[in-house]
Amino acid sequence: MGLFDNILHDDESLFLDEIALDYDYIPQIIKFRENQQQFIAECIAPLLQGKSGRNLFIHGVPGIGKTLAALYVKRELEEKSTEVQTIYVNCWKKDTSYKILIDICEQIGYKWTHNKRTDELMEVIAKILNKKSCVILLDEVDRVKEADIIYSFCEDLLKKSLILIANNPEWFTQLDDRVKSRLIAEKLEFQPYNARETEGILKMRVDYAFVPGVWDEE
């Protein structure tokens, strides 16, 4: 056997899909979060009937599928209906009301944001989103510096469902009573994966990412 016989050629790879190993990858099946996904979907479902949805506060430690499950439901909703506008904002990156509203303007295609105040942006967004129903997912919402934006969403948006995702469950209890009374949110706690579930997730990700036979069972 030659020295280079076991070397992969330029048209060969160990990978079927390298993206399947990416942190932000959303698998076709989210294992062990079926009940949570169903609950999220039930909060959103009234929007499909022309009614307002329920608001939801999702919490749990980092890395246990909170965002993944919510984004999976978002994708399913987008495939189901064009009558519900879906918006996702990462509040770790957009941590002020103004930044959140600018992000939403970009997602809904509104470009004339220059020199507009926060309240003016909210007025524009409400006018556009109120033509349909909407779901707004605020991820890492416990990083937001001011909770007034949540009050504005509750007040100004008509048929909506707000999905708030946080690591810290105390964030919700520390909200201003005025905000909590308008939000009236359901609560959903995600528990960490156990060893069996973690193994199942990794095995599925191997099947997505690698050519069969690359990894042995051990």
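Placed above this text is the structure.
All of the points below concern the structure found in this document. (Residues numbered from 1 in each chain as written. Predicted model: local features only at pLDDT ≥ 70, side-chain atom pairs only at ≥ 80, totals over all residues. Heavy atoms only, no water.)

A few points about the overall build of the protein chain
Definition in use: Only DSSP runs of H or I reaching four residues or more are called helices, and only runs of E reaching two or more are called strands; each is numbered from the N terminus. Note on exposure labels: buried denotes an accessible area under 20% of the residue type's maximum, exposed denotes more than 50%, and partly exposed covers the range between, all computed with a 1.4 Å probe on protein chains only. What sets the accessible areas is the Shrake-Rupley method with a 1.4 Å probe; for residues, cover comes only from the shown protein chains.
Scanning the protein chain from terminus to terminus reveals eight helices and five strands. Reading the secondary structure of the protein chain in the N-to-C direction produces α-β-α-β-α-α-β-α-β-α-α-β-α. Its C-alpha atoms give the protein chain principal-axis dimensions of roughly 75 × 40 × 35 Å. Across the 218 residues in the protein chain, those meeting the buried criterion constitute 41%. Total accessible area on the protein chain is roughly 13200 Å²; 50% of this is exposed by carbon and sulfur atoms.

With respect to a nonpolar patch on the surface
The condition that has to hold: Only residues whose relative accessible area exceeds 30% and that form no salt bridge are eligible for patches; like-charged ones are grouped when within 9 Å, while nonpolar side chains (Val, Leu, Ile, Met, Phe, Trp, Tyr) are grouped when within 5 Å. When a carboxyl oxygen of Asp or Glu is within 4 Å of a side-chain nitrogen of Lys or Arg, the pair counts as a salt bridge.
Taken together, the side chains of L14, F15, L21, V214 and W215 present a nonpolar region at the surface, about 460 Å² in accessible area. Looking at where W215 falls in the secondary structure, it is placed in the segment after α8 (195–209). Accessibility expressed as a relative area gives 55% for W215, which makes it exposed.

Focus on the packing of aromatic side chains
Here is the rule: In this scheme Phe, Tyr and Trp rings, the latter by its six-membered ring, pair at centre separations within 6.5 Å, and the angle between planes marks the pair as stacked below 30 degrees, edge-to-face above 60, and tilted otherwise.
One pass over the structure, following the stated rule, counts six aromatic pairs. Consider the rings of F57 and W171, whose centres lie 5.7 Å apart with planes at 35 degrees: the pair is tilted. Of this pair, F57 sits in strand β1 (residues 56–59) while W171 sits in helix α6 (residues 170–173), and the two are 114 residues apart along the sequence. Here F57 and W171 have matching classes, each one buried. Here F210 and W215 contribute two aromatic rings whose centre-to-centre distance is 5.7 Å and whose plane-to-plane angle is 75 degrees, an arrangement assigned as edge-to-face. Taking relative accessible area as the criterion, F210 reaches 11% and is therefore assigned buried.

Focus on the sheet that holds strand β3 (residues 133–139)
Put simply, the rule is: Pairing between two strands is assigned when DSSP locates at least 2 bridges connecting them. Convention adopted: a line fitted to C-alpha atoms gives each axis, helices being fitted over their contacting stretch, and angles between N-to-C directions are expressed from 0 to 180 degrees. Pairs of residues are marked as contacts when any of their non-hydrogen atoms sit within 4.5 Å.
Taken together, five strands build an open sheet; the order of strands is β2-β3-β4-β1-β5 and the sheet is parallel. The sheet is open, and its two edges are formed by β2 (84–90) and β5 (186–189), each paired on a single side. Shown here is a sheet whose adjacent strand axes are inclined to one another by a mean of 15 degrees, direction ignored. Strands in contact with helix α2 (residues 66–80) are β1, β2, β3 and β4 (160–166); relative to β2, the strand with the most contacts, it is inclined by about 155 degrees. Helix α3 (residues 97–108) contacts β2 and β3 of the sheet and is inclined by roughly 140 degrees relative to β2.

Considerations on α3
Rule in force here: The span one expects for a helix is its residue count, reduced by one, times 1.5 Å.
Between its first and last C-alpha, α3 extends 17 Å over 12 residues, near the 16 Å set by a 1.5 Å rise per residue. Among all positions in α3, only S97, I100, L101, I102, D103, I104, C105 and I108 are buried. Buried residues belonging to α3 abut β2, α4 (118–129), β3 and α5 (148–156). A positive backbone phi angle near 85 degrees is found at G109, which sits one or two residues after α3.

Details of unusual backbone geometry
For N115, which is not glycine, the phi torsion reads 65 degrees and is therefore positive. One can find N115 in the loop between α3 and α4. Note on N115: relative accessible area 68%, which makes it exposed. Despite not being glycine, I184 has its phi angle at roughly 45 degrees, a positive value.

Side note on the layout of surface pockets
Our working definition: Using a 1 Å grid laid over the protein atoms alone, points where a 1.4 Å probe fits but cannot get out form a cavity; open sets with protein on both sides within 12 Å along at least 5 of 7 lines form a pocket; any residue with an atom within 4 Å of a point counts as lining. Grid points are joined across faces, edges and corners, and a volume is the space filled by probe spheres set on the points.
One number sums up the size of the largest pocket: a volume of about 840 Å³. Together, 33 residues line the largest pocket, and Y23, D24, G65, T67 and L68 are the ones closest to its centre. If you list the elements that add at least two residues to the lining of the largest pocket, you get α2, β2, β4 and α8. A total of six residues in the lining of the largest pocket trace back to one element, the largest contributor, which is α8.

Brief notes about helix α1 (residues 34–44)
We apply this condition: It is the directions from the helix axis to the C-beta atoms that the arc portrays.
All of the buried residues along α1 are Q36, Q37, I40, C43 and I44. One face of α1 carries all of its buried residues, which in axial projection span an arc of 120 degrees. Looking at the buried residues of α1, the elements they touch are β1, α2, β3, β4 and β5.

Some points on the environment of Q37
As for its placement among the helices and strands, Q37 is situated in helix α1. For Q37, a relative accessible area of 8% translates into the label buried. With 159 residues separating them along the chain, Q37 and R196 place their C-alpha atoms 20 Å apart. In contact with Q37, other than residues within four places in its own chain, are I30, A69, Y72 and V73.

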